[in-house]
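Analysis of the macromolecular model
Residues per chain, in single letters:
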Amino acid sequence: MDHSFRRRRRTWCCSFAVPPSSPDNPSSKPRHRKSEALSKPSFSVPSSPQSFKSGSRIVGRIDPRRILSPGRVSPIDSDPVDPSPAIDSAPQLRSHSFRAPFAADSGPTPPPESSGGFDVRMNLKGKNGECIVLELNSVVLCANSEVFAGLIADYKKGVSSSSGSTKMCRIEVTDVENLGVFRETIELMFEDDFTKKLLNIGVYRSIDVLEVSAGIMFTKGVLACLQYLEAVPWTEEEEEKLRSLFTKFKFDDATTRDILGRLYLHDSEDSQPNVARQLVWSITTCVDANARNELKSLVKGLLCKSSVYEKNHLDLNKEDLYSVCHSCLGSLITLFEEASNTIPPERSRKNDMNKSMIERVSRQVDNINWLLEIMLDGQMADEFVDIWGDQHQLVKMHDNASPMIRYELSRVSAVLFVAMATRKLQCPLEARSGIVQTWFRPMLLDFGWLQRCRKGLDIKLLQEAMGQTLLTLPLKQQHMLFMEWFQYFSKHGTECPNLSKAFQIWWRRSFLRGSETQAIESR
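Let us now look at the overall build of the protein chain. Scanning the protein chain from terminus to terminus reveals 21 helices and five strands. Out of the 523 residues belonging to the protein chain, those deemed buried represent 48%. Of the contacts formed within the protein chain by residues at least 6 apart in sequence, a portion of 74% connects residues at least 24 apart. Accessible surface, the protein chain: about 27300 Å² in total, of which carbon and sulfur atoms supply 51%.

The structure is reproduced here in structure tokens:
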């Protein structure tokens with residue numbers, strides 16, 4: 001090691017060398033650049049800027065064919081040395097052998113100067129065959145890691161009989177998943193400012209350092225990582241990585257309480273309010289149109305079956321949905337009563353008095369259709385078919401209401417017709433028959449307005465759906481409904497839905513195959 005470098009040993013006496021010149025490596029030249037020792041590792045994960053302290057040094061990244069002489073800057077121009085240090089009686093450490101909770105804090109790290117130099121050689125072997133050798137101070141290792149302290153103590157017992165022995169304790173760590181992370185964890189033992197080090201390497205890398213620290217029982221490293229991780233935001237990837245780590249290790253409750261509070265909801269499910277129901281109620285009573293539309297999209301995405309999020313605490317049950325739905329239907333009936341002057345003004349909602357009747361009705365219909373979409377996704381909409389088919393009071397008021405208002409009711413019927421025709425909604429014949437008998441005629445009257453004010457409705461799909469739904473009914477009912485459509489279409493043309501395709505199918509089934517039908521009935 002050059003003289004000028006020795007004078008700066010206050011920061012980590014670090015030497016890095018490369019394989020010497022040889023027939024196998026004729027162009028190798030020794031270099032003494034400290035920055036290249038750590039800032040340009042050959043593994044894929046980028047290393048962070050290093051701050052080296054006295055008490056350890058990196059001998060080098062080992063060529064599979066040779067190892068450099070320990071403690072020297074320049075390579076030895078002699079016969080190659082076997083790449084694996086002789087470990088004879090030295091204990092070996094394997095990276096996946098220590099999966100235990102970390103112990104209590106072992107106290108402040110003693111100054112490296114008190115140890116008298118580098119007396120531990122640690123050989124790190126990665127799974128990919130790459131090696132790194134570190135020369136370290138045993139006092140620092142023992143003070144920071146219970147695992148290394150035990151290995152060094154066992155080694156010293158084995159050589160205690162040899163008086164005046166100057167042998168270097170050799171520790172081998174095999175099957176290391178990431179050499180860079182393991183090395184950074186060891187370097188952390190020689191740092192004065194743990195937080196600064198962790199800030200430099202970032203959250204993702206700090207989680208890896210936390211895992212290694214827990215494995216080697218590096219208590220202060222574990223505490224520093226946990227404190228840093230609790231104080232900074234996480235990405236979803238970092239959160240999942242941290243959650244996975246907590247399934248492998250059990251840490252002290254006092255040090256992990258805050259982090260676990262960000263990862264898990266510890267209270268029992270019974271004591272938690274129904275969050276999903278609160279969200280739905282808030283959205284259906286929201287008065288700002290832009291905010292309501294944004295929140296509808298957000299909550300629907302969280303509650304739908306295809307959501308990537310776990311819905312343990314956002315699961316909305318059937319009773320909650322129908323409770324909110326009945327409330328919206330009640331508001332809709334009140335509005336139509338107000339529009340037909342059959343309700344006293346004092347019963348009107350004061351919060352909505354500054355809104356037009358069209359806007360207030362449209363908002364309630366939007367709420368019902370949004371709830372219906374959630375119910376369809378959860379296959380819970382079958383009961384709503386019965387509920388909507390029984391709205392005879394609304395149908396009666398529909399006949400007397402302004403077309404600009406009444407067509408909103410047909411928007412709800414349109415969603416149900418499309419759902420039944422596209423097989424997203426399966427309901428018995430009685431329910432299908434009830435909704436068609438109740439709402440088919442209002443839809444004929446409102447179709448012109450549905451075309452002009454689509455609000456996301458696919459008119460072509462709606463026409464096909466209405467025809468397909470009629471074809472699921474008995475032929476006698478189809479006869480009455482198709483004849484009603486035929487008469488209305490002949491008078492209003494494009495203001496009426498075009499059910500010609502379904503009409504032809506009904507005609508063929510009813511008359512062209514009449515002989516077959518009579519034969520079946522005569523049996």
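That shown, we press on.
Time to look at the nonpolar core. Among the nonpolar cores identified, the biggest contains 74 residues, and Phe336, Met375, Phe384, Trp388, Leu394, Phe440 and Leu462 are the most heavily contacted of them. The residues contacting Phe384, other than those within four sequence positions of it, are Tyr322, Cys325, Leu329, Ile368, Leu372, Met375, Val412 and Leu416. With 53 residues, the next largest nonpolar core counts Ile186, Val203, Val209 and Leu245 among its residues.

Before going further, it helps to examine the state of the cysteines. Counting across every chain of the model gives zero disulfides. Not part of a disulfide, Cys169 finds its nearest cysteine sulfur in Cys142, a span of 8.3 Å. In this structure Cys169 comes out as buried when scored by relative accessible area, which is 5%. As a non-bridged cysteine, Cys325 has Cys328 as the owner of its nearest cysteine sulfur, 6.4 Å distant.

As a packed pair, helix α16 (residues 403-421) and helix α17 (residues 429-452) sit with axes 8 Å apart at the nearest point and diverge in direction by 125°. Put simply, α16 runs oblique to α17. In this structure, α16 crosses over α17, and the sense of that crossing is left-handed. Within the contact between the two elements, α16 uses Pro403, Met404, Arg406, Tyr407, Leu409, Ser410, Arg411, Ser413, Ala414, Leu416, Phe417 and Met420 and α17 uses Arg432, Ile435, Val436, Trp439, Pro442, Met443, Leu445, Asp446, Trp449 and Leu450. In the contact of α16 with α17, the residues fall into 16 nonpolar, two polar and four charged.

Under the criterion given, the structure shown has 21 salt bridges. For Glu211, the salt bridge identified is with Lys248, shortest N-O distance 3.6 Å. Of this pair, Glu211 sits in helix α6 (residues 194-215) while Lys248 sits in helix α8 (residues 236-248); the two residues are 37 residues apart in sequence, bridging distant segments of the chain. In this structure Lys248 comes out as partly exposed when scored by relative accessible area, which is 48%. A single salt-bridge network, built from bridges that share partners, covers Asp366, Glu408, Arg411 and Lys455.

So, how was this worked out
Residues numbered from 1 in each chain as written. Predicted model: local features only at pLDDT ≥ 70, side-chain atom pairs only at ≥ 80, totals over all residues. Heavy atoms only, no water. Helix = DSSP H or I, 4+ residues; strand = E, 2+ residues; numbered from the N terminus. Buried < 20%, exposed > 50% of the residue type's maximum accessible area, 1.4 Å probe, protein only. Contact = heavy atoms within 4.5 Å. Areas by Shrake-Rupley, 256 points an atom, 1.4 Å probe, with all protein chains shown as cover. Core = buried A, V, L, I, M, F, W, Y, C linked by side-chain atoms within 4.5 Å. Disulfide = S-S within 2.5 Å. Axes fitted to C-alpha atoms, helices over the stretch in contact; angles between N-to-C directions. Parallel < 35°, antiparallel > 145°, perpendicular 65-115°, else oblique. Left-handed = near helix turned anticlockwise from the far one by under 90°. Nonpolar A, V, L, I, M, F, W, Y, C, P; charged D, E, K, R; others polar. Salt bridge = Lys/Arg side-chain N within 4 Å of Asp/Glu carboxyl O.

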